[in-house]
Structure formats: structure tokens, C-alpha cells
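Close look at the chain arrangement
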Amino acid sequence: MLQLKCLCLQVAYEDWFITLYNVCYSSLPVLLVGLLDQDVNDKLSLKFPKLYLPGQQGSLFNYRNFFISLFHGIFTSLIIFFIPYGAFLQTMGQDGEAPSDYQSFAVVTASSLIITVNLQISLDTSYWTFVNCFAVLGSIAIYFGIMFDIHSAGIHVIFPSAFTFTGAASNALRQPYLWLTIILTVGISLLPVICIQFLHKSIWPSVGDKVQRNRKKYEMEEEEKKKPSAFQRGQRSRRSAYAFSHSRGYADLIASGRSIRRRPTARGGPQDSIREVPQREAENI
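What you see is a predicted model, and the numbers here were worked out from it, not measured in a lab.

Below, the discussion takes up the overall build of the protein chain. Along its length, the protein chain carries 14 helices and zero strands. Traced from its N-terminal end to its C-terminal end, the protein chain shows the element sequence α-α-α-α-α-α-α-α-α-α-α-α-α-α. Out of the 285 residues belonging to the protein chain, those deemed buried represent 27%. Summarising the internal contacts of the protein chain: among those between residues at least 6 apart in sequence, 73% fall at separations of at least 24. Per element, the accessible surface of the protein chain, about 20,600 Å² overall, is 62% carbon and sulfur.

Here it is in C-alpha cells:
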């Protein structure tokens, strides 16, 4: 077996992993965050114009944030390298063999890196959809599927010089303590990010964080404004008073063609022309 040397110039990852890292393993979640992610919806963006100030003032892309991201990458790289390196020192597997070879170490570090990167994208995502979930989980699944394929004996027989890690993935990942090493590495790598995001959103929240915190409240207010009031002036009621009347109406009289207006007499005054309904005709009706 090839023993891992700390000061050697051997590359920690295999060539195919480096080739497919930005193409298949981590590109789709980042692309979907750039296309679909949004802090708030369009209506709240118009309601709070201060949300555009950080971009106009350049507070999101500056030298300070660049060096913070640089140190974060260095810290994560050291964690992903040295925790598996310490786990491989003087260890023994369940089969009585020590899997402290270069291939097994590369599998553990690569698995820790892929899971950490995709979960980091998940922490930075504000607007979750089915497509985002599929991209994050699918990228991890694609990594393990391709890794087991390129470490299989069949592809080594076809391309012996290109695929040299035969059986390394199945040999390493069947050890439970190596899975615990991956979980520990991912947890320690993401713990500072979770703590910093919690402190920023609870102690030093930005305008976007405040709007996100009260997003449901603002959306309910917008929905209440859209609801029409029960009684509005200037509009006709759709209900008819005739439908709720308990007495018989004038439908029969109108259909019969008779008039309820009294004909004026020769000596009649102006009050005779007033419309009246005689008691007898009313009773007949």
C-alpha cells in the first residue's frame, strides 16, 4: 500500500475527480441559486427600496468580503485534509486491515468536500423550490454514482492506465468509522458558517433579514388590501327585495292588462289624477 506522506507532492484527489468537480458535482446548485434564488418577492422589493442599497453601495462585493471568503476557503481546506489524515493514523478496519492508503484517503476527503460544498450552498439559499432540492441531493448522488463507476474493476479492465483506483471506494466506504470521519469533517466545516449566520441575523440583521423575518406579516397585509369590503357605496345590491316579500305582487294585474289608475271625471280636480288602488280591486288581486 502507498503510505500517505505529509510533505510529499502527491495530489490528494484523483484526476477524474478534479475534472468533474466543476462540471457535475458542484455547478448545478450554484447555477440555480443565481437564477432562482430571491430574498423577497417582487412586491416586497418595490415596497422596501432600501433593499437595493447594499448593491448600490458595493457592500456585498469588496475587498473585505473577498478576504473573508479566502480565509474561509483555507480554513475549510485544512479541516477537510487534517481530520481524515488524523483518522487514518494507526487505525484498523473491521477486516483486520489498515485502510490507510492514498486511495482510501482520497475517497474520504473527496466525499467530505462534495457534501460540505453542497450543504454550504443550501445554507446560502433563501428561496427553496423542488429544483433546488433536486440539484443539491442530485449532485451528491451523481458524485457517489460516478465514483463507484470509475473505481470499479470493469472500467479498469477497459482503461487500465486512466482508472487506477480499482475498488478503493467500496473498500473505504464499507468501514463505519470512515463514515463517522466524513460526518465529523462536514460538521466542523459548516459549524462556523452556521454560527456566523445566526449571529448576523439575530444581532446585526440587515434590511433584507428584517424583511424576511416579517415576510408573512407583510404578505397578509397585502392580501387584506386586495379583499373587497362587504358594503360599498355606489354599487347596486344583487339581492332583490321582491324575492324576500311575503305578500303577492302585481304580476297578475300586469299580465291582465287592467289599469289601476282611476280615470279622471269631467269635474275632477288635480287630486283625482293621483294613482290609487281601490280597496275592491286590491282584494280581487
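Here the focus is empty space enclosed by the protein. Which parts of space are left empty comes out when a probe the size of a water molecule is rolled across the atoms. Throughout the structure, instances matching the rule amount to three cavities of 30 Å³ or more. Around the largest cavity, the lining residues are Tyr-13, Glu-14, Phe-17, Tyr-25, Ala-106, Val-107, Ala-110, Tyr-143, Met-147, Ile-150, His-151 and Phe-165. When residues of the lining of the largest cavity are traced back to their parent elements, those giving at least two are α1 (15-25), α6 (102-123) and α7 (130-150).

It is worth spelling out the packing of aromatic side chains at this point. Inspection of every chain in the model, using the stated rule, returns twelve aromatic pairs. An angle of 75° between the planes, with centres 6.1 Å apart, marks the rings of Phe-17 and Tyr-143 as edge-to-face. In this pair, Phe-17 is assigned in helix α1 and Tyr-143 in helix α7, connecting sequence segments 126 residues apart. As far as burial versus exposure is concerned, Phe-17 and Tyr-143 are alike and both buried. Ring centres of Phe-66 and Phe-67 lie 5.3 Å apart, and the angle between their planes is 75°; on these two criteria the pair is classed as edge-to-face. On the basis of relative accessibility, which here comes to 42%, the residue Phe-67 falls in the partly exposed class. Taken together, the ring pairs in this structure connect Phe-17, Tyr-21, Tyr-25, Tyr-143, Phe-144 and Trp-179 into an aromatic cluster.

Turning our attention to the nonpolar core. With 29 residues, the main nonpolar core has Phe-17, Tyr-25, Tyr-143, Phe-144 and Met-147 as its most contacted residues. Per-element accounting of this core gives the leading share, nine residues, to α6. Among residues more than four places away in sequence, those in contact with Tyr-25 are Phe-17, Leu-20, Ile-114, Asn-118, Ser-139, Ile-142, Tyr-143 and Ile-146.

Before going further, it helps to examine the environment of Ser-202. Following the sequence through the fold, Ser-202 ends up in helix α10 (residues 176-202). Judged by its relative accessible area of 39%, Ser-202 is partly exposed.

Within the element layout of this structure, Asn-41 appears in the loop between α2 (27-36) and α3 (42-47). Note on Asn-41: relative accessible area 22%, which makes it partly exposed. In this structure, the C-alpha to C-alpha distance between Asn-41 and Tyr-127, residues 86 residues apart in sequence, is 9.6 Å.

Residues Tyr-63, Phe-66, Phe-67, Leu-70, Phe-71, Ile-74, Leu-78 and Phe-82 make up a contiguous nonpolar surface patch of roughly 880 Å² in combined accessible area. Along the chain, the position of Phe-71 falls in helix α5 (residues 63-87). Accessibility expressed as a relative area gives 55% for Phe-71, which makes it exposed.

Moving on, we come to the confidence of the model for the protein chain. Chain-level statistics for the protein chain give a pLDDT mean of 75 and a share of 71% at 70 or above. Averaged pLDDT values for the elements of the protein chain fall to 47 in helix α14 (residues 279-284) and rise to 91 in α5. Overall, residues 268-285 carries pLDDT values under 50, and its contacts beyond four positions in sequence, including any with other chains, amount to 14 contacts.

This part takes up the packing of α1 against α6. Look at α1 against α6: their axes get within 12 Å of each other, and the N-to-C directions meet at 20°. If you check the angle between α1 and α6, you find them roughly parallel. Considering only the axes of α1 and α6, their crossing is right-handed. From α1, Phe-17, Tyr-21 and Tyr-25 reach across to α6, where they touch Ala-110, Leu-113, Ile-114, Val-117 and Asn-118. When the residues that make up the contact of α1 with α6 are grouped by side-chain class, the tally is seven nonpolar, one polar and no charged.

Rules used throughout
Residues numbered from 1 in each chain as written. Predicted model: local features only at pLDDT ≥ 70, side-chain atom pairs only at ≥ 80, totals over all residues. Heavy atoms only, no water. Helix = DSSP H or I, 4+ residues; strand = E, 2+ residues; numbered from the N terminus. Buried < 20%, exposed > 50% of the residue type's maximum accessible area, 1.4 Å probe, protein only. Contact = heavy atoms within 4.5 Å. Areas by Shrake-Rupley, 256 points an atom, 1.4 Å probe, with all protein chains shown as cover. 1 Å grid on protein atoms, 1.4 Å probe; cavity = no way out; pocket = protein on both sides within 12 Å on 5 of 7 lines; lining within 4 Å. Points joined across faces, edges and corners; volume = space filled by probe spheres on them. Phe/Tyr/Trp six-rings, centres within 6.5 Å; stacked < 30°, edge-to-face > 60°. Core = buried A, V, L, I, M, F, W, Y, C linked by side-chain atoms within 4.5 Å. Patch = residues over 30% accessible without salt bridge, like charges linked within 9 Å, V, L, I, M, F, W, Y side chains within 5 Å. Salt bridge = Lys/Arg side-chain N within 4 Å of Asp/Glu carboxyl O. pLDDT = per-residue confidence, 0-100. Axes fitted to C-alpha atoms, helices over the stretch in contact; angles between N-to-C directions. Parallel < 35°, antiparallel > 145°, perpendicular 65-115°, else oblique. Left-handed = near helix turned anticlockwise from the far one by under 90°. Nonpolar A, V, L, I, M, F, W, Y, C, P; charged D, E, K, R; others polar.

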